[in-house]
Structures are given as C-alpha cells and as structure tokens.
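# Observations on the three-dimensional arrangement
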Amino acid sequence: MINRIEAMQAGVGILTVAHGAIRGSEKTDIKAALSLLRHGVLDLQIDISAVPPEQNEAVRQVAQEVAEELSKRAQLMVNGCVKAFVDVAMAYERDCPDADIPAILQKASLDLASDRFSTD
C-alpha cells in the first residue's frame, strides 16, 4: 500500500509529466506515464474481513461500487488540479521567461522525500 509521502510525490510526478507534455519535452506516451503515476495513489481497498460470511457477497458488491465511485471522483479532482497547474505554470513562464518549473517540481519532490514537508 502506498504511503502519504509516495502519494504526494506521485502527485508531483503527474504535474511534471503534464508540464513536460505541454512544453513538448515529454517523449513518452503521456497517458501511459500518468497511468503509472496514478497506480496505487487512487486505488482504494476496503477491508470486509469482519463481515459475517452470509453477508459477504452483498457487502463486497457495495464496497466495490463505493471504491469505483470514489476513484472516479478523485480522478476528476486530480484532472482539474493538473489543468489548473498547467495554466498557472504557462502564465508564470510567459511572464517570467527564466522560470524553471521542472526545478521547482524537483525541489518539491525532494522536500517530500526528505520529510521537510509536514503531512499532518
């Protein structure tokens, strides 16, 4: 299971891929890259081990439906955040030609890795 730091780093990775794709510097397939970065982050597991056996199938079905709906909503939210980030980054680069968005994103990821970012 992915931890909070890894999930946040995957978020920075998604922004990095999106920014690279807009700038034309990303050579890989963006959909495949984003899919790999989202793997584990938007996956939801629901423990139903305490459910009585006779209710297991009904609970499993409802849990699956809940997990799918939450995943869809989370994906929509991520898509909106990425779109907003790319728009802001493009405006920043337009107004500040020497802006180094990849370096900013790399620093954010390194800060997360070194635990200099509070997750609480």
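A short tour of the structure in this document, coming up. The structure displayed is predicted, hence computed values, not measured ones.

This brings us to the environment of A10. Tracing the backbone shows A10 in helix α1 (residues 4–23). A C-alpha to C-alpha distance of 8.8 Å links A10 and S109, two positions 99 residues apart in sequence.

Another point: α1. With 20 residues, α1 extends 29 Å from end C-alpha to end C-alpha; this agrees with the ideal 28 Å at 1.5 Å per step. Within α1 the residues assigned to the buried category are A10, V12, G13, I14, L15, V17, A18, H19 and G20. Downstream of α1 by one or two residues, G24 has phi in the positive range, about 80 degrees.

The next thing to look at is the nonpolar core. In terms of nonpolar packing, the biggest core is built from 10 residues, these being V12, I14, L15, A18, V82, V86, A89, I101, L105 and L112. For this core, the secondary-structure elements that each account for two or more residues are α1, α3 (56–95) and α4 (101–113). Top element by residues in this core is α1. It accounts for four residues. The residues touching I101, leaving out its near neighbours within four places in the chain, are H19, F85, A89, Y92 and E93.

Overall, the coordinates contain four salt bridges when judged by the stated rule. Between E69 and R73 there is a salt bridge, with the nearest N and O atoms lying 2.8 Å from each other. You can see E69 and its partner R73 sitting in helix α3, four residues apart, about one turn around the helix. Of the charged contacts, one joins D111 and K107 as a salt bridge, the two residues approaching to 2.8 Å between their closest N and O atoms. Taken together, the residues span about one helical turn, with D111 and K107 both in helix α4 at a distance of four residues.

Cut-offs and rules
Residues numbered from 1 in each chain as written. Predicted model: local features only at pLDDT ≥ 70, side-chain atom pairs only at ≥ 80, totals over all residues. Heavy atoms only, no water. Helix = DSSP H or I, 4+ residues; strand = E, 2+ residues; numbered from the N terminus. Expected span 1.5 Å × (residues − 1). Buried < 20%, exposed > 50% of the residue type's maximum accessible area, 1.4 Å probe, protein only. Core = buried A, V, L, I, M, F, W, Y, C linked by side-chain atoms within 4.5 Å. Contact = heavy atoms within 4.5 Å. Salt bridge = Lys/Arg side-chain N within 4 Å of Asp/Glu carboxyl O.

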